[in-house]
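So the chains spell out like this:
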Amino acid sequence: MQEIISHIQKAVLNIANELKFPDTGYQSTHNATGDTQLKLDVKSDMIITEILSKCKNIKALVSEEKPEALELNTEAKYIVAYDPLDGSSLLDVNFAVGSIFGIYEEKMSAKNLKMAIYSIYSARLELIICTDIPKLYRLNHKNEFEYIKDLKLSQKGKINATGGTQKNWSKTHASFIKSLFDEGYRLRYSGAMVSDIHQILCKGGGLFSYPATTDAPNGKLRAFFEVFPFAYICEKAGGKTSNGINKSLLELEFSKPHSTTPCFFGSSYEIDKLLSFKAEQ
Ligand code: AHG
Ligand code: MN
Ligand code: MN
């Protein structure tokens, strides 16, 4: 695992440098989920591919920006599924973006997830590494990642971050979200899952959700490199997750690398409330 961590550290450092003087233009290509690719989505993917390909412990790479898995060392144990640049549509407004990594043993399945990592490219470069407990590291003056603290979710939060076009929400989702605002929750939503969940983890609680919508009945966020890594991190931080039905996102099984799912991540209070709210409908 340590070798994989070192390679990821090197890759995110390279991406952070690339983001300092970027070309924020679009490519003429689309990825497997139909998003128009930015030059920086493709560049970040290239950086990760080039660096992680040198790691002997990695069996295959699965990227948001590649239609198929890239097979590396057949004898190796780990598959790394990643979103090279999350929130890239916010690059033009200079908001914080990140990279997300899920490290699976032998087969891509939530129950085989052994580690989840994300980076956040903002005023500082931060890296969250989670095997047992999510640990926050910050790049210091010596260009090394320095341990800062463990991230823990309290039982209840104050933040309500929810995505998708509101006119395409179900009535149930709209009234659940309203019920949290009626309780005193505040809206905090940037449009980059990395930043929005990072805020909830750093402030100690709240809800991040991306529901099913009429235009995307299976949600927008991708299971293997967005949803499962954050579900793993939030649950290891003491929180809960759900798709609105199951008691954990980590119970879900998908066969296609780019499958998507509705998703809810939060403190236990908000997820328990969601499940009882749905049960009453
Ligand atoms: P990506 O930039 O990797 O395509 O991911 C964007 C995702 C996620 O970060 C965010 O939560 C969501 O898309 C925002 O979507 P909406 O603008 O539809 O809310
Ligand atoms: Mn993303
Ligand atoms: Mn992306």
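Residues numbered from 1 in each chain as written. Chains lettered and ligands numbered in written order. Predicted model: local features only at pLDDT ≥ 70, side-chain atom pairs only at ≥ 80, totals over all residues. Heavy atoms only, no water.

Some details on the site of ligand 1
For clarity, the threshold we go by: Nearness here has a simple test: a residue counts as near a molecule or strand if at least one of its heavy atoms is within 4 Å of that partner. Any pair of nitrogen or oxygen atoms within 3.5 Å is treated as a polar contact; in protein, a donor-acceptor pairing is required on top of that, and neighbouring residues in sequence qualify only through side-chain atoms on both sides. Runs of H or I in DSSP of at least four residues are treated as helices and runs of E of at least two as strands, each being numbered from the N terminus.
Among the 19 residues in the neighbourhood of ligand 1, the closest are listed as Asp-86, Gly-87, Tyr-189, Met-193 and Tyr-210. Between an oxygen atom of ligand 1 and a side-chain N or O atom of Tyr-189, the distance comes to 2.5 Å. In the environment of ligand 1, an oxygen atom lies 2.7 Å from a nitrogen or oxygen atom belonging to the side chain of Tyr-210. Put simply, the parts of the chain that give the shell around ligand 1 at least two residues each are β5 (78-86) and β13 (207-210).

Quick look at the packing of helix α1 (residues 2-20) against helix α2 (residues 39-52)
Note the threshold: Axis lines are fitted through C-alpha atoms, for helices just across the contact stretch, and the angle between N-to-C directions can take any value from 0 to 180 degrees. What sets the label is the angle itself: under 35 degrees gives roughly parallel, over 145 gives roughly antiparallel, 65 to 115 gives roughly perpendicular, and the rest give oblique. Each helix crossing is assigned a hand: it is left-handed if the near helix lies turned anticlockwise from the far helix by less than a right angle, otherwise right-handed if that turn is clockwise. Only heavy atoms matter for contacts: two residues are in contact if any of them lie within 4.5 Å across the pair. Under the scheme applied here, ten amino acids are nonpolar (Ala, Val, Leu, Ile, Met, Phe, Trp, Tyr, Cys and Pro), four are charged (Asp, Glu, Lys and Arg), and all others, including Gly, are polar.
Taken N-terminus to C-terminus, the directions of α1 and α2 make an angle of 150 degrees; their axes are 9 Å apart at the nearest point. Here α1 lies roughly antiparallel to α2, going by the angle between them. For the crossing formed where α1 meets α2, the hand is right-handed. Side by side, α1 and α2 meet where His-7, Ile-8, Lys-10, Ala-11, Asn-14, Ile-15, Glu-18 and Leu-19 of the first sit next to Leu-40, Lys-43, Ser-44, Ile-47, Ile-48, Ile-51 and Leu-52 of the second. Of the residues belonging to the contact of α1 with α2, the class tally is nine nonpolar, three polar and three charged.

Focus on helix α5 (residues 223-236)
Cut-off, in case you're wondering: A 1.4 Å probe rolled over the protein chains alone gives each residue an accessible area, and that area as a share of the maximum for its type sets the label: buried under 20%, exposed over 50%, partly exposed in between.
Where burial is concerned, most of α5 is hidden: 12 out of the 14 residues are buried. Of all the positions in α5, only Ala-223, Phe-224, Phe-225, Glu-226, Val-227, Phe-228, Pro-229, Phe-230, Ala-231, Tyr-232, Ile-233 and Cys-234 are classed as buried. Trailing α5 by a residue or two, Gly-238 shows a phi angle of about 100 degrees, which is positive.

Thoughts on the coordination of the manganese ion (ligand 2)
Keep this limit in mind: Coordination partners: N, O, S within 2.8 Å of the metal, 3.2 Å for Na, K and Ca; water not considered, so apparent gaps in a site are possible.
Protein coordination at the manganese ion (ligand 2): the donors are Asp-83 (OD), Asp-86 (OD) and Glu-226 (OE), at 1.9 to 2.2 Å from the metal. In primary sequence terms, the donor set of the manganese ion (ligand 2) follows D-x2-D-x139-E. Between the manganese ion (ligand 2) and the manganese ion (ligand 3) the interatomic distance amounts to 3.8 Å, and Asp-83 serves as a bridging ligand to the pair. In terms of burial, Asp-83 and Asp-86 fall into one category: buried.

Examining the coordination of the manganese ion (ligand 3)
Angles between donor atoms at a metal ideally measure 109.5 degrees for a four-coordinate tetrahedral arrangement and either 90 or 180 degrees for a six-coordinate octahedral one. For the manganese ion (ligand 3), every protein donor is listed as Glu-64 (OE), Asp-83 (OD) and Leu-85 (O), and the spread of their distances is 2.2 to 2.3 Å. Motif for the manganese ion (ligand 3), donor spacing along one chain: E-x18-D-x1-L. Among the residues examined, Asp-83 registers a relative accessible area of 0% and is labelled buried.

Examining the nonpolar core
What counts here: What makes a nonpolar core is a set of buried Ala, Val, Leu, Ile, Met, Phe, Trp, Tyr and Cys residues whose side-chain atoms join them at distances within 4.5 Å. Boundary definitions for the domains trace back to an automatic or database domain assignment.
Among the nonpolar cores identified, the biggest contains 44 residues, and Phe-228 and Phe-265 are the most heavily contacted of them. With 10 residues, the single largest contributor to this core is α5. Three or more residues apiece are contributed to this core by two domains, here domain 1 (2-150) and domain 2 (159-280). Among all residues touching Phe-228, those that are not within four sequence positions of it are Tyr-104, Ala-110, Leu-113, Ala-223, Leu-249, Leu-250, Leu-252 and Phe-254. In terms of nonpolar packing, the next biggest core, distinct from the first, is built from 34 residues, Leu-19, Phe-101, Leu-125 and Ile-129 among them.

Concerning helix α6 (residues 268-280)
Threshold: One less than the residue count of a helix, multiplied by 1.5 Å, gives the span that helix is expected to have.
Taking 1.5 Å of rise per residue, the 13 residues of α6 would be expected to cover 18 Å, and the 18 Å separating its terminal C-alpha atoms lies within 8% of that figure. Buried within α6 are the following residues: Ser-268, Glu-270, Ile-271, Lys-273, Leu-274, Leu-275 and Phe-277. Buried positions along α6 lie against α3 (171-183), β13, β14 (240-242) and β15 (263-266).

As for the state of the cysteines
Applicable threshold: Pairs of cysteine sulfur atoms within 2.5 Å are identified as disulfides in what follows.
Tallied over the entire structure, the rule returns zero disulfides. The thiol of Cys-55 is not disulfide-bonded; the next cysteine sulfur, from Cys-130, is found 19 Å away. Cysteine Cys-263 is unpaired, with the sulfur of Cys-234 as its nearest cysteine sulfur at 10 Å. Under the relative-accessibility criterion, Cys-263 is labelled buried at 0%.

Here we look at the sheet that holds β5
Strand pairs in the sheet, formed through backbone hydrogen bonds, run parallel or antiparallel to each other. Note the following rule: At least two DSSP bridges between two strands are required for those strands to pair.
Pairing is mixed in the open sheet, where eight strands are placed in the order β4-β3-β5-β6-β7-β8-β9-β10. In this open sheet, the two edge strands, each paired with only one partner strand, are β4 (70-71) and β10 (145-150). As paired elements, strand β3 (residues 58-63) and β5 share five bridges and run parallel to each other. Bridge assignment links Ile-58 to a residue of β5, and that residue is Tyr-78. Along the sheet face, α2 touches β3, β4, β5 and β6 (97-105) and points at about 150 degrees away from the line of β5. Across the sheet, α5 touches β3, β5, β6, β7 (113-121), β8 (125-130) and β9 (134-139), and the angle it forms with β7 is around 100 degrees.

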